[in-house]
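Below, each chain spelled out in residue letters.
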Amino acid sequence: MIDFLQYLLDGLATGSVYALIAVGYSMVFGVLQLVNFAHSELFMLGAYLVMLLFAQGAPIWAAVLLAGCGVGAFAVLMEKFAYRPLRSSGRLAPLITAVGISIFLQNLVQALFSPNPQAYPFHLPDGILEFGEDILVRQRDILIFILAVVLTLGLEAFVRYTKPGKGIRAVAIHPQAARIVGVPYNRIVSLTFFIGAVMAVVAGALQGAATNQIWPYMGVSSGLKAFAAAVLGGIGVLPGALVGGLALGIVESLLVGYDLSTFKDGAAFLILILVLLVRPQGLLGKKVLVKV
């Protein structure tokens, strides 16, 4: 039982990073019904940009803030020039475009920084807290978990109780009706991309600081797992992204702890298949009736 609790706690930090990335997937899908596979590369870009700014002497909070604004602006431009012209082209064209942007960004960063892992200059606290006699928790895991919960719940409050947030909800529920009543559709979509990118930057910085290294393809595995987490929790539902990410991180930790690490990377996709078969709307999602 002690081992199980230890593995469960160890999985919370990894799951928290998945959750922060999954929030971006959920927001964009909720507004545009688009799976933005380039979102995982925003996670990677954020990690690199924070590294550069911190190495230039910026405090870590300023590095994350500036990187969030920079990557967020890039996400807005990506939506404006790559996705917006394809809105009337069905769902396949934007999806292919997202994959193309993802591959381009991977190769661009590889050309600029080399394909080899880069040592991360910022580290999270390495102290260990002891609970009872046998349960040990790293301080960095607690910090990552708290940040993920606070940011996700804060974003949920923003979406529910602020005017821009209500605009996001309106566009997600019925885009045409939102336009009719005066909701600035394009501005809301841009805001959604910006917020999702900022969350991805925070996740990238936390990932780099926790593992002490980053590399151009770090977004591939984490991004796909985060997408599985978003579907598990209910894509389009922000608390669902948090629940799905934490659940996936715990599952991976349990597999590693019980000597089943060979199946760790495949667990996310097995869960994704099972969810789509049994409960397509996810754990916290609701069934939507479509009139035909």
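Above this note sits the structure.
Residues numbered from 1 in each chain as written. Predicted model: local features only at pLDDT ≥ 70, side-chain atom pairs only at ≥ 80, totals over all residues. Heavy atoms only, no water.

J.: Would you mind going over the overall build of the chain with me for this structure?
T.: Of regular secondary structure, the chain possesses 11 helices and four strands. Taken against the 2.2 N^0.38 rule, which gives 19 Å for 292 residues, the C-alpha radius of gyration of the chain at 19 Å falls within 12% of a compact globule. Across the 292 residues in the chain, those meeting the buried criterion constitute 46%. Summarising the internal contacts of the chain: among those between residues at least 6 apart in sequence, 75% fall at separations of at least 24. Carbon and sulfur atoms form 69% of the exposed surface of the chain, whose accessible area is close to 14400 Å². Of the side-chain charges in the chain, 18 are positive and 13 negative, and the distance between the mean point of each set is 26 Å. (Helix = DSSP H or I, 4+ residues; strand = E, 2+ residues; numbered from the N terminus. Rg over C-alpha atoms; globule rule 2.2 N^0.38 Å. Buried < 20%, exposed > 50% of the residue type's maximum accessible area, 1.4 Å probe, protein only. Contact = heavy atoms within 4.5 Å. Areas by Shrake-Rupley, 256 points an atom, 1.4 Å probe, with all protein chains shown as cover. Lys, Arg positive; Asp, Glu negative; His and termini not counted. Charge placed at Lys NZ, Arg CZ, Asp CG, Glu CD.)

J.: When you look at the layout of surface pockets in this model, what are you seeing that I'm missing?
T.: Rolled over the atoms, a probe sized like a water molecule indicates the empty space that remains. Approximately 1500 Å³ is the volume found for the largest pocket. For the lining of the largest pocket, the element with the highest residue contribution is helix α1 (residues 2-32), accounting for six residues. For the lining of the largest pocket, the residue count by class is 24 nonpolar, nine polar and seven charged. Of the voids in this model, the second largest pocket is the one considered here, and its volume is about 560 Å³. Contributing to the lining of the second largest pocket are 25 residues, with Thr-14, Tyr-18, Gln-207, Thr-211 and Glu-252 lying nearest its centre. Looking at the lining of the second largest pocket, the elements with two or more residues in it are α1, α5 (139-161), α8 (185-211), α9 (218-233), α10 (238-257) and α11 (264-278). (1 Å grid on protein atoms, 1.4 Å probe; cavity = no way out; pocket = protein on both sides within 12 Å on 5 of 7 lines; lining within 4 Å. Points joined across faces, edges and corners; volume = space filled by probe spheres on them. Nonpolar A, V, L, I, M, F, W, Y, C, P; charged D, E, K, R; others polar.)

J.: What should I look at first to understand the nonpolar core in this one?
T.: In globular proteins that are soluble, nonpolar side chains generally tend to be buried together. Formed by 83 residues in total, the largest nonpolar core has its most connected members in Leu-42, Tyr-83, Tyr-120, Leu-155 and Phe-193. Each residue touching Leu-155, except ones within four places of it in the same chain, is listed here: Val-23, Met-27, Ile-195, Met-199 and Leu-238. (Core = buried A, V, L, I, M, F, W, Y, C linked by side-chain atoms within 4.5 Å.)

J.: What is the right way to read the packing of aromatic side chains from this model?
T.: Centre distance and the angle of the planes are the two values used to describe a pair of aromatic rings. For the coordinates displayed, the defined rule picks out six aromatic pairs. Aromatic pair Tyr-7 and Tyr-258: ring centres 5.1 Å apart, planes at 80°, arrangement edge-to-face. Linking Tyr-7 in helix α1 with Tyr-258 in the loop between α10 and α11, this pair joins segments that are 251 residues apart in sequence. Residue Tyr-7 is classed as buried on the basis of its relative accessible area of 18%. Among the residues examined, Tyr-258 registers a relative accessible area of 43% and is labelled partly exposed. Ring geometry for Phe-37 against Phe-227: centres 5.6 Å apart, planes inclined by 65°, an arrangement best described as edge-to-face. Taken together, the residues Phe-37 in the loop between α1 and α2 (39-55) and Phe-227 in helix α9 connect sequence positions 190 residues apart. For Phe-227, a relative accessible area of 16% gives the class buried. One aromatic cluster in this structure is built from Tyr-25, Phe-37 and Phe-227. The aromatic ring of Tyr-185 is capped on one face by Arg-179, whose charged end is 3.9 Å from the ring centroid. (Phe/Tyr/Trp six-rings, centres within 6.5 Å; stacked < 30°, edge-to-face > 60°. Lys NZ or Arg CZ within 6 Å of the ring centre and 35° of its normal.)

J.: Sorry, what's going on with the side chain of Glu-156 here?
T.: Structurally, the position occupied by Glu-156 is in helix α5. For Glu-156, a relative accessible area of 15% corresponds to the buried category. Once residues within four sequence positions are removed from consideration, Glu-156 is found in contact with Leu-238 and Pro-239.

J.: What's the story with unusual backbone geometry in this structure? I'm lost.
T.: It is generally the case that most residues other than glycine have a negative phi and that most peptide bonds are trans. Phi is positive for Ser-114, which is not a glycine, with a value near 90°. Secondary-structure assignment places Ser-114 in the loop between α4 (92-113) and β1 (118-119).

J.: Hey, could you run me through α4 in this one?
T.: Given 3.6 residues to a turn, an α-helix orients residues that are three or four positions apart in the same direction. Between the first and last C-alpha of α4 there are 32 Å, a value that for 22 residues agrees with the 32 Å anticipated at 1.5 Å per step. The complete set of buried residues in α4 reads Pro-94, Ala-98, Ile-101, Ser-102, Leu-105, Gln-106 and Val-109. End-on view of α4: buried residues confined to an arc of 135°, all on one side of the axis. Among the exposed residues of α4, those oriented more than 90 degrees off its buried face are Leu-92, Ile-96, Phe-104 and Ala-111. Backbone geometry just after α4 places Ser-114 at a positive phi near 90°. (Expected span 1.5 Å × (residues − 1). Arc of directions from axis to C-beta.)

J.: Please clarify how the packing of helix α3 (residues 60-83) against α4 should be interpreted in this entry.
T.: The description of two helices packed together rests on the angle between their axes and the distance between the axes. With their axes 11 Å apart at the nearest point, α3 and α4 run at an angle of 135° to one another. Relative to α4, the element α3 is oriented oblique. The two elements α3 and α4 meet at a crossing, and its hand is right-handed. Seen from α3, the contacting residues are Phe-74, Met-78, Ala-82 and Tyr-83; seen from α4, they are Pro-94, Thr-97, Ala-98, Ile-101 and Leu-105. Its residues placed into classes, the contact of α3 with α4 shows eight nonpolar, one polar and no charged. (Axes fitted to C-alpha atoms, helices over the stretch in contact; angles between N-to-C directions. Parallel < 35°, antiparallel > 145°, perpendicular 65-115°, else oblique. Left-handed = near helix turned anticlockwise from the far one by under 90°.)

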